[in-house]
Amino acid sequence: MIKITEKAIDVQKVIETASNLGAGAVNAFIGTVRNKAKDKNVVWLEYEAYEAMAVGEIRKIIDEAAHKWDLMGWAVSHRIGTLKPGEVAVVVAVSTAHRKASFEACQYIIDNVKAKTPIWKKEVFDDGEEWVDARPVANANN
Amino acid sequence: MIKITEKAIDVQKVIETASNLGAGAVNAFIGTVRNKAKDKNVVWLEYEAYEAMAVGEIRKIIDEAAHKWDLMGWAVSHRIGTLKPGEVAVVVAVSTAHRKASFEACQYIIDNVKAKTPIWKKEVFDDGEEWVDARPVANANN
Amino acid sequence: MAMRYTLKTFGITRDILGGKEVAFEMEGVKVSELKSELMLRFPEMKTLNSLFIAVNNTYAEDDLVISESDEIALIPPVSGG
Amino acid sequence: MAMRYTLKTFGITRDILGGKEVAFEMEGVKVSELKSELMLRFPEMKTLNSLFIAVNNTYAEDDLVISESDEIALIPPVSGG
């Protein structure tokens, strides 16, 4: 399951989707909205995705991971829209026969989802807003 | 939260207990009962714990992890009693500011819980039963 | 002959170009030419950490030839998760 | 003088000793002596991958001196998770 959604993510459901009777290990990564960024208070975040492409890019990453490790189940869900601190932005869950592979595969997937998937977030502070990582830090507040 | 329980583990609740508003990352490991072991069908598992000591040993492991990484939240729940394939035997969840530490800390905790905590499991097959890892493999079926 | 492309914008590129889908006319037919022309007309694009072009939902190489009917998207630095 | 210890058993050691809490008399007063005596009286204990003794909820070193009022537990190879 690959899902880009405006609705709150049901973490339990993502984990269940990734589970498998033959698997002994499930690893889940849950990315949540922090209440601080660059020492400023985060009021909310805005996420947007190029949805058609994002799903395809995540599928490529999953295929790579399934090739490197013996994935018995997997699920990725990414939220878009307006998110408040504490809310869940992304969940990646994988199941494997043994635990080491579950950690490695899950980390591979979230690292690549963050690096390659066309999804963007804007941090909205008390005193301004900023597209994350768009510009070098020195120009970030221009 | 450290819990040794005969009741089904509420995975979502363990994850929520480990979450923290200042954290951007939660990693959760879920150990489930496989339907196969040593190429035989697992009918059920029996888990038992030396409870008073197990809680203390897990606490030491958490303290070590909190010292190595900056844990913002954590929770460990281990099931005991009779478990069927597919059921959740253990959940470890930690939250940290950034994702790399969440993977490392969670893996450290589950690796050590498995190696050091006085909890035992017996695999019950169609044709016999066996305390896991109790004896060298060559003697396992004596 | 000038070509008329339709550009989908995301993140900071939407703020810079001022629209979700922007008509863009230019003589060039390659991804590299599109990038140069964007930097020329919108100098703020040069301040970004990176800019990729996706054509029909796939990251495109610089020498890919684009046509008016392609789905062309501007991909500024991603920051999901 | 023989001491009378109470041993808590877990996992396979319960099957071998045949009880959850087993009275165990011996002359020795050290963890190492308890281990040797167990191997002697229950030779099957020698087939285990490992055997630790916990005294008052903590893994005990071989030279620790035990007393009749201690909570003494046999810890065969653990297999949680």
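I will try to describe carefully the structure that is included in this document. Not measured: the values here are computed from a predicted model.

Focus on the overall build of chain C
Counting its secondary structure elements, chain C contains two helices and five strands. Each helix and strand of chain C, placed in order from N terminus to C terminus, yields the pattern β-α-β-α-β-β-β. By principal-axis analysis of the C-alpha atoms, chain C measures approximately 40 × 25 × 20 Å. Counting across all 81 residues of chain C, residues that qualify as buried make up 47%. Split by element, the accessible area of chain C, about 3,900 Å² in all, is 50% carbon and sulfur. Across chain C, 8 positive and 13 negative side-chain charges occur, with their mean positions spaced 5 Å apart.

Focus: the interface of chain B and chain A
On the side of chain A, 32 residues touch chain B, which itself brings 32 residues to the contact. Summing the contributions of chain B and of chain A, the shared interface buries around 2,600 Å²; its carbon and sulfur component is 53%. On the chain B side of the interface with chain A, the three residues burying the most area are Arg34, Arg99 and Phe103 of chain B, jointly 25% of the side's total. Taken together, the connections running from chain B to chain A amount to two salt bridges. For the pair chain B and chain A, the interface holds 17 residue pairs in polar contact (both at pLDDT 80 or more). Residue assignment for the side of chain B that touches chain A shows that the elements contributing at least two residues are helix 1 (11-18), strand 2 (25-32) and helix 3 (99-116) of chain B. The residue inventory of the side of chain B that touches chain A, partitioned by class, reads 15 nonpolar, eleven polar and six charged. Sheet topology note: the strand 2 (residues 25-32) of chain A/strand 2 of chain B ladder contains seven bridges and is antiparallel.

Quick word on the arrangement of the chains
Of all three pairs of chains in contact, the one with the most contacts involves chains A and B. Chain B shows no contact with chain C. Their nearest C-alpha atoms sit 9 Å apart. A gap remains between chain C and chain D, which never touch, and the nearest two C-alpha atoms on either side lie 29 Å apart.

A short note on the interface of chain A and chain C
Contacts between the two partners involve 25 residues from chain A, matched on the other side by 23 residues from chain C. Summed over both sides, the interface of chain A with chain C buries roughly 2,100 Å², with 52% coming from carbon and sulfur. Ranking the residues of chain A by area buried against chain C places Tyr50, Trp120 and Arg135 of chain A at the top, with a combined share of 32%. At the boundary of chain A and chain C, one finds two salt bridges. Where Arg135 of chain A meets Glu44 of chain C, a salt bridge forms, and the shortest distance between an N and an O atom there is 2.3 Å. Going through the elements one at a time, strand 4 (40-49), helix 2 (51-68), strand 7 (88-96), helix 3 (99-116) and strand 8 (119-125) of chain A are the ones with two or more residues in the side of chain A that touches chain C. For the side of chain A that touches chain C, the element with the most residues is helix 2 of chain A, which contributes four residues. Within the side of chain A that touches chain C, the residues separate by chemical class into 15 nonpolar, two polar and eight charged.

Points about the side chain of Ser79 of chain D
Mapped onto the secondary structure, Ser79 of chain D falls in the segment after strand 5 (72-75). Residue classification places Ser79 of chain D among the buried residues on the basis of a relative accessible area of 4%. Side-chain polar atoms of Ser79 of chain D contact the backbone nitrogen of Lys121 of chain B, separated by 2.9 Å. Among all residues touching Ser79 of chain D, those that are not within four sequence positions of it are Tyr47, Ile119, Trp120, Lys121, Val132 and Asp133 of chain B.

Here's the deal with unusual backbone geometry
One non-glycine residue with positive phi stands out, namely Lys38 of chain A, at about 50°. Tracing the chain through its elements places Lys38 of chain A in the loop between strand 3 (36-37) and strand 4. A residue is classified by how much of its surface remains accessible, and Lys38 of chain A, at 49% relative accessible area, is partly exposed. At Asn57 of chain C, a residue that is not glycine, the phi angle is positive and equals roughly 70°. Of note, Asn57 of chain C is situated in the loop between strand 3 (52-55) and strand 4 (58-59).

Looking at the environment of Tyr47 of chain B
Inspection of the secondary structure puts Tyr47 of chain B in strand 4 (residues 40-49). Tyr47 of chain B gets classed as buried once you look at its relative accessible area, which sits at 6%. Spatially, the C-alpha atom of Tyr47 of chain B lies 4.4 Å from that of Lys121 of chain B, the residues being 74 residues apart in sequence. Look past the residues within four positions of Tyr47 of chain B in its chain and what remains in contact with it is His78, Arg79, Ile80, Gly81, Leu83, Ala89, Ile119, Trp120 and Lys121 of chain B together with Ser79, Gly80 and Gly81 of chain D. In this structure the side chain of Tyr47 of chain B is engaged in a polar contact, spanning 2.6 Å, whose partner is the backbone oxygen of Gly81 of chain D.

Quick look at the packing of helix 1 (residues 11-18) of chain A against helix 1 of chain B
Where helix 1 of chain A meets helix 1 of chain B, the axes come as close as 9 Å, and the angle between the chain directions of the two elements is 125°. Taken together, the axis directions place helix 1 of chain A and helix 1 of chain B in an arrangement best described as oblique. Between helix 1 of chain A and helix 1 of chain B lies a crossing of right-handed hand. Contacts between helix 1 of chain A and helix 1 of chain B pair Val11, Gln12 and Ile15 of chain A from the former with Val11, Gln12 and Ile15 of chain B from the latter. Considering only residue class, the contact of helix 1 of chain A with helix 1 of chain B consists of four nonpolar, two polar and no charged.

Reading guide: rules and limits
Residues numbered from 1 in each chain as written. Chains lettered and ligands numbered in written order. Predicted model: local features only at pLDDT ≥ 70, side-chain atom pairs only at ≥ 80, totals over all residues. Heavy atoms only, no water. Helix = DSSP H or I, 4+ residues; strand = E, 2+ residues; numbered from the N terminus. Buried < 20%, exposed > 50% of the residue type's maximum accessible area, 1.4 Å probe, protein only. Areas by Shrake-Rupley, 256 points an atom, 1.4 Å probe, with all protein chains shown as cover. Lys, Arg positive; Asp, Glu negative; His and termini not counted. Charge placed at Lys NZ, Arg CZ, Asp CG, Glu CD. Contact = heavy atoms within 4.5 Å. Buried area = accessible area lost by both parts, 1.4 Å probe. Salt bridge = Lys/Arg side-chain N within 4 Å of Asp/Glu carboxyl O. Polar contact = N/O pair within 3.5 Å; in protein donor to acceptor, adjacent residues only side chain to side chain. Nonpolar A, V, L, I, M, F, W, Y, C, P; charged D, E, K, R; others polar. Pairing = 2+ DSSP bridges. Axes fitted to C-alpha atoms, helices over the stretch in contact; angles between N-to-C directions. Parallel < 35°, antiparallel > 145°, perpendicular 65-115°, else oblique. Left-handed = near helix turned anticlockwise from the far one by under 90°.

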